[in-house]
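# Topology and contacts: notes
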Amino acid sequence: MKSNSVSDYISVQSQDFDLKTEYQALTEHNQTDGAVVTFVGLVRDFNEGKSVTALHLEHYPAMAERSLQDIVAQARTRWSLGRIRVIHRFGTLSLSEQIVFVGVSAKHRGDAFGACEFIMDFLKTRAPFWKKEQSSEGLHWVDAKQSDANKADDWNQK
Amino acid sequence: MIRVLFFAQLRERLQTDSLDMTECANVAELRRKLSERGDIWQEVMQSERCLAAVNQVLCDNTQALKTGDEVAFFPPVTGG
């Protein structure tokens with residue numbers, strides 16, 4: 001756990017996170033921001049035709065945190081933002097467990113919506129995490145999707 | 001020495017999570033040297049799906065290397 005500056009919080013952790021606590025951290029003693037956008041990614045039960053029973057998330061510790069910091073810094077250059085909180089878990093997760101959290105506060109909703117989506121799109125294509133699914137057919141690594149790469153590339157056109 | 005790390009599918013296929021290499025001029029040379037370790041190594045190191053990061057930053061094969069650098073090889077990421 002590490003906080004980058006007063007208003008950025010980035011954490012790569014095995015333990016779960018609490019949505020209410022994260023929301024409070026974005027809003028408490030923050031009277032300048034009128035918008036909060038949050039995103040939570042969960043383990044789902046079905047992927048590419050296979051019935052998933054659990055997920056193993058491997059990561060590259062030294063780079064994971066650094067890449068998330070870089071992504072948050074890029075978001076700050078594009079939008080006018082208040083507080084940013086990003087949490088990504090690693091280890092073994094069960095169905096419906098929380099994997100990732102992105103929370104952004106801003107004066108206006110447009111900035112908060114844009115930054116939240118941008119951070120997720122870049123996180124999915126730049127941050128060094130790898131999913132291994134446990135399914136009825138055994139263990140298999142998840143393939144990177146071209147659609148995710150395209151979504152991140154689209155931001156470079158905007 | 002250059003510290004070399006492997007992650008996810010690459011780590012499993014090579015059955016190696018890390019090793020030390022003598023100095024290499026750049027990432028391309030490091031890939032060539034690692035390819036000499038065997039058929040699987042050659043296949044993995046020359047694959048387009050084998051990305052490289054030097055000192056925790058994604059980079060291409062022309063990236064210069066110096067002693068003390070940490071080079072990681074891994075497949076396209078799938079987090080989030």
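One can find the structure itself at the top, above this paragraph.
This section reports on the structure supplied with the text. What you are looking at is a predicted structure, and each value in this text was computed from that prediction instead of being measured.

A word on the overall build of chain B. From N to C terminus, chain B includes three helices and five strands. Residues counted as buried form 45% of the 80 residues belonging to chain B. By sequence separation, contacts in chain B at least 24 residues apart represent 50% of the contacts at least 6 residues apart. As presented, chain B carries roughly 4000 Å² of accessible surface, and 46% of it is formed by carbon and sulfur atoms. Averaging the coordinates of the 9 positive side-chain charges in chain B and doing the same for the 12 negative ones gives two points 1 Å apart.

All right, on to the packing of aromatic side chains then. Two measures describe an aromatic ring pair: the distance that separates the ring centres and the angle between the ring planes. Within the structure shown, the criterion is met by 11 aromatic pairs over all chains. Taking the centre distance of 5.3 Å and the plane angle of 70 degrees together, the rings of Trp79(A) and Phe118(A) count as edge-to-face. With Trp79(A) in the loop between α2 (61-78) and β6 (84-89) and Phe118(A) in helix α3 (residues 109-126), this pair connects stretches of sequence that are 39 residues apart. Assessed through its relative accessible area of 16%, Trp79(A) is described here as buried. Take Phe118(A): its relative accessible area is 0%, and that puts it in the buried class. Arranged with centres 5.4 Å apart and planes meeting at 15 degrees, the rings of Trp130(A) and Phe7(B) form a pair that is stacked. Placement of the pair is Trp130(A) in strand β9 (residues 129-135) and Phe7(B) in the loop between β1 (2-6) and α1 (8-14), with the two residues belonging to separate chains. Judged by relative accessible area, Trp130(A) falls into the buried class, the value being 1%.

Residue and element names in this part refer to chain A. Counting buried positions along β9 gives six out of seven residues, so the element sits mostly inside the fold. Of the strand pairs in this sheet, strand β5 (residues 50-59) and β9 are connected by seven bridges, and their pairing is antiparallel. Bridged to glutamate 58 within β9 is tryptophan 130. Across four bridges, β9 lies against strand β10 (residues 138-141) in antiparallel orientation. Residue pairing across strands places lysine 132 opposite tryptophan 141, the latter belonging to β10.

Each partner contributes to the interface: chain B provides 21 residues, whereas chain A provides 24 residues. Carbon and sulfur atoms make up 57% of the area that chain B and chain A hide from each other, which totals about 1900 Å². For chain B, the biggest contributors to the area lost against chain A are Val77(B), Thr78(B) and Gly80(B); these three give 35% of the whole. The shortest N-O distance in the salt bridge between Arg11(B) and Glu58(A) comes to 2.4 Å. The interface formed by chain B and chain A contains 13 residue pairs in polar contact (both at pLDDT 80 or more). Taken together, the elements giving at least two residues each to the side of chain B that touches chain A come down to α1, β4 (57-59) and β5 (70-74) of chain B. Across the side of chain B that touches chain A, the residue classes break down as 11 nonpolar, six polar and four charged.

Rules behind the numbers
- Residues numbered from 1 in each chain as written.
- Chains lettered and ligands numbered in written order.
- Predicted model: local features only at pLDDT ≥ 70, side-chain atom pairs only at ≥ 80, totals over all residues.
- Heavy atoms only, no water.
- Helix = DSSP H or I, 4+ residues; strand = E, 2+ residues; numbered from the N terminus.
- Buried < 20%, exposed > 50% of the residue type's maximum accessible area, 1.4 Å probe, protein only.
- Contact = heavy atoms within 4.5 Å.
- Areas by Shrake-Rupley, 256 points an atom, 1.4 Å probe, with all protein chains shown as cover.
- Lys, Arg positive; Asp, Glu negative; His and termini not counted.
- Charge placed at Lys NZ, Arg CZ, Asp CG, Glu CD.
- Phe/Tyr/Trp six-rings, centres within 6.5 Å; stacked < 30°, edge-to-face > 60°.
- Pairing = 2+ DSSP bridges.
- Buried area = accessible area lost by both parts, 1.4 Å probe.
- Salt bridge = Lys/Arg side-chain N within 4 Å of Asp/Glu carboxyl O.
- Polar contact = N/O pair within 3.5 Å; in protein donor to acceptor, adjacent residues only side chain to side chain.
- Nonpolar A, V, L, I, M, F, W, Y, C, P; charged D, E, K, R; others polar.

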